[in-house]
Each structure stands twice: as structure tokens, then as C-alpha cells.
Amino acid sequence: MSHDELSQDPQHPAFPDDFSTDPDRRVPSPDDLSDVDDRFVFEFRAYDDDLADGRRWSTWLSVEPLCRGPEPLPDWVVTSQGAIDTELGVLKTGKEADVHLLERADPLDPAGGVIMAAKRYRSPEHRSFHRAASYTEGRSMKRSRDERAVKRKSTFGRQVAAVEWAVSEWAALVRLWNLGLPVPYPVQIDGTEILMEWITVVDEDGTVATAPRLAQTRPSPELLASYFEQLTDALTTMVQNGLVHGDLSAYNILAAGERLVVIDLPQIVDLVGNLNGMTFLQRDCANICGWFRSRGLDVDEHALFAELMAHAF
């Protein structure tokens, strides 16, 4: 069909008057975009595909939406698809999990990068938590096959257990964060790895360092009293929502300047649903009050437990 015939065909729109089929017609220079609609112009930036050992592409977009932190996201969370995760070393080792430092940054926007704590549960070398059966009482798994494997402590069962503990801590972090409690912001979970906020302090010389555990501090009497009040408020909110930390002590609380941050939450239990809930709460009160008394603050675990019970029921 000729150009004239096509232009008169009602099934096809007419060609513009200046349309040309001349093979020598002028093609605009790639640098000349004056005639191009701005909606069709974008900046293309290439990334290097070769990553050295200890580096990986960000896993932010590879996990399910429910495996990402609660909205609204803090402004420091890096969501760029071109971001790279870089291992910075081990922060803490434990029987069940190790905590590493990991930097996530877009190579084309390095100033917008962030350092996070990456908690990784061991698998299949995972070793069961002390009194694990007491902590998990009342919990159920989606698949009975997984539950049987965990009870048999087979290799597959240990792998399942590692994931279950990671999922439990993730769920606890998300729930407590949404309740406004002082816990690290949970960035994402991927299998047995949880990425979360790195709790830090700034030294006098401006150096950023990991916040010390409460057990490592020697606070002033005024700050000590403030710390105890903060913990009492946090425990009150938890029992009001039917939750008990289950393993609270001065060793899993971070002192970030004048504020405390509670960490290590995989064993969190239901105050009522778990038959040992009350016992765990009493033990938490005893551990905390014992440490504060050793620093000179006159507190009583029985009075704290009674106060918490009054808020729980």
C-alpha cells in the first residue's frame, strides 16, 4: 500500500506532513534532546557487576514485603536497588547467633549509606536455647513435619529451629517497635538473618562506637534512677500487651547515652499463654532489680512484680 493510499485508509491514522522515508533524513544527536518530551528522558547510570568477596547486592527488594521493616521507614533505611552490602566484621558472637556489622550503600550515592547490625542464627550448627521448651510452650508451627523434625533434633530440625528463632525475634522486634518500645528498628529478615538498627554512641573525640551493655556502665545516681524508670515503663507496656521478655538482664540492654535499648528478643513469651510466663516475669524483675541494687539504687523485685501485675490485669 502506497503512502497516499495508507493516509486515506480509515483504519490507519494519517502520517504527519513532515514524515519522510528518506534514508538520509536527519537523526537528532544524542546530546540534542530539545525536541524530546521530558517524560521520556531519564538518566542511565551503570553499576559494576563484579563484586569482591564480602560484598553482595542489597537483599532489600529480594525479600517479601512483610519481611521488611514497619512503615513509616526511618529516613536512614537504604532501599536503592543498586545498593551493595559490605561486611565490616563481627560485632558479637554467641551460642545460637552471631552479630556482624554490615554497610548498605549505593556506590553512586555513598554518602547515603548506613551501617546496620546483622544478626545471623547458626544453621545447621544451631544449638538449642537453654530451657528452649519452656520458651516455646504455646507456640505452634505451620507444618507438623517441621515440628517433629525439631523435636527429633535432626539436621533438618536444627535448620528449622534456627529459622523459627529468627522469625520469633523478628516478630518481637516489629511488634515492640510498633508499640513504641525502645528496641532497634528491624530493617528486614531473610531466612536466618535479621538486619536491624545499629545502636551507637559518640565518643568525646567524635568516634562512633557500639553502645555498651548496661552491665558495662557506671551511671551517676541520677542517670541510674532514670534508667530504672525507663525499664519500668517498657516492662509495663509489654505486660499490658501480654508480653514478657523472658531473659532480661543488664547484659541484653544497651545504654545509648541517656536512653536504654532492649535487645535479644527471640525467647519472648506470652504472659498468659505460656504456663511459665509469670515465672519468667518474676525472674526478669529479680535480674533487673539485683543489678540496680548493686549500683546503689534501692529497688525491690517483689514491688516491681506487683506493680507490673497491677498493669497486666
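See the structure above.
Since the structure is predicted, the reported quantities are computational estimates derived from the model, not experimental observations.

Engineer: What exactly am I supposed to notice about the environment of Leu 243 here?
Structural biologist: Its place among the elements puts Leu 243 in strand β9 (residues 243-244). Judged by relative accessible area, which is 8%, Leu 243 ranks as buried. Sequence-wise, Leu 243 and Gly 277 are 34 residues apart; in three dimensions their C-alpha atoms are separated by 8.4 Å. Excluding residues within four positions of it along the chain, Leu 243 makes contact with Arg 175, Leu 176, Met 238, Ile 268, Val 269 and Leu 271.

Engineer: Looking at this model, I keep getting lost on the sheet that holds strand β4 (residues 109-121). Mind explaining?
Structural biologist: Note: strands within a sheet are paired through backbone hydrogen bonds, in either parallel or antiparallel orientation. Read from one edge to the other, the open sheet built from six strands follows the order β1-β2-β3-β4-β6-β5, with strand pairing classed as antiparallel. This sheet does not close on itself; its edge strands, each paired only once, are β1 (55-57) and β5 (186-190). Looking at each pair of strands side by side, their axes are set apart by 30° on average, direction ignored. The sheet contact formed by strand β2 (residues 84-92) and strand β3 (residues 97-106) spans seven bridges and is antiparallel. Paired with Asp 85 across the two strands is Arg 104, which belongs to β3.

Engineer: What is the right way to read the environment of Ala 117 from this model?
Structural biologist: By the secondary structure assignment, Ala 117 is in strand β4. Look at Ala 117 and you get buried, because its relative accessible area is 7%. Taking the C-alpha atoms as reference points, Ala 117 and Ile 194, separated by 77 residues in sequence, lie 8.1 Å from one another. When sequence neighbours within four positions are dropped, the list of residues in contact with Ala 117 reads Val 99, His 100, Ile 194, Leu 195, Met 196, Glu 197 and Trp 198.

Engineer: Help me understand the pairing of β2, please; the structure alone is not making it clear to me.
Structural biologist: Side chains on a regular strand alternate between the two faces of the sheet. Here β1 pairs with β2 via three bridges, running antiparallel. By the bridge assignment for β2, Arg 55 is matched with Thr 86. The hairpin formed by β2 and β3 contains four residues between the paired strands.

Engineer: What is the right way to look at the packing of helix α5 (residues 221-240) against helix α6 (residues 277-294) in this model?
Structural biologist: Relative placement of two packed helices is described by the angle separating their axes and the distance separating the axes. Close contact between α5 and α6 brings their axes to 11 Å; oriented N to C, the two are set at 175°. The angle between α5 and α6 falls in the class roughly antiparallel. Contacts between α5 and α6 involve Leu 224, Tyr 227, Phe 228, Leu 231 and Val 239 on the former and, on the latter, Leu 281, Ile 288, Cys 289, Trp 291 and Phe 292. Here the contact of α5 with α6 is built from residues that sort into ten nonpolar, no polar and no charged.

Engineer: How should I be thinking about the nonpolar core in this particular structure?
Structural biologist: Soluble, globular proteins show a tendency: their nonpolar side chains are buried together. If you look at the biggest cluster of nonpolar residues, it comprises 51 residues, and the most contacted ones within it are Leu 176, Leu 214, Phe 228, Leu 281 and Phe 292. Broken down by element, the residue count for this core peaks at eight residues, all from α5. For Leu 214, the contacting residues outside a window of four places in its chain are Tyr 227, Ala 250, Ile 253, Leu 254, Ala 255, Leu 260, Trp 291 and Phe 292.

Engineer: Teacher, can you tell me more about unusual backbone geometry here?
Structural biologist: Looking along the chain, the bond that leaves Glu 71 and enters Pro 72 is cis, with omega of -5°. Its place among the elements puts Pro 72 in the loop between β1 and β2.

Engineer: Sorry if this is basic, but what is going on with the pattern of salt bridges here?
Structural biologist: Opposite charge on two side chains permits pairing when their charged atoms draw close. The full count for this structure, using the stated rule, is nine salt bridges. One salt bridge connects Asp 85 with Arg 104, and the closest N-O pair in it is separated by 2.7 Å. Here Asp 85 is found in strand β2, whereas its partner Arg 104 is found in strand β3, with 19 residues between them in sequence. Classification of Asp 85 by relative accessible area gives buried; the value is 1%. Arg 104 gets classed as buried once you look at its relative accessible area, which sits at 1%. Measuring nitrogen to oxygen at the nearest pair gives 2.8 Å for the salt bridge that ties Arg 122 to Asp 98. One end of the pair, Arg 122, is in the loop between β4 and α2 (132-136); the other, Asp 98, is in strand β3, and 24 residues separate them in sequence. Look at Arg 122 and you get partly exposed, because its relative accessible area is 25%. Shared partners join several salt bridges into a network, and the residues in it are Arg 56, Asp 85, Glu 87, Arg 104, Arg 120 and Glu 193.

About the cut-offs
- Throughout this document, residue positions are counted from 1 along each chain, in the order its sequence is written.
- Per-residue local features are limited, in this predicted model, to residues with pLDDT of at least 70; the limit for side-chain atom pairs, both in listing and counting, is 80 or more; totals at the level of whole chains, interfaces and linings are taken over all residues.
- To get the side-chain values, all heavy atoms of the structure are used, and hydrogens and water are removed first.
- Starting at the N terminus, helices and strands are each numbered in turn, a helix being any DSSP run of H or I of at least four residues and a strand any DSSP run of E of at least two.
- Exposure classes here rest on a 1.4 Å probe applied to the protein chains alone. A residue is buried below 20% of its type maximum, exposed above 50%, and partly exposed in between.
- We call two residues contacting when some pair of their heavy atoms lies within 4.5 Å.
- At least two bridges found by DSSP between two strands are what make those strands a pair.
- Helix axes use the C-alpha atoms of the stretch in contact, all axes being lines fitted to C-alpha atoms, and the angles between their N-to-C directions lie in the range 0 to 180 degrees.
- Between 65 and 115 degrees an angle is taken as roughly perpendicular, under 35 as roughly parallel, over 145 as roughly antiparallel, and anywhere else as oblique.
- The residue classification treats Ala, Val, Leu, Ile, Met, Phe, Trp, Tyr, Cys and Pro as nonpolar and Asp, Glu, Lys and Arg as charged. All others, Gly included, are polar.
- Take the buried residues of types Ala, Val, Leu, Ile, Met, Phe, Trp, Tyr and Cys, join any two whose side-chain atoms come within 4.5 Å, and each joined set is a nonpolar core.
- By definition, a salt bridge exists where a carboxyl oxygen of Asp or Glu is found within 4 Å of a side-chain nitrogen of Lys or Arg.

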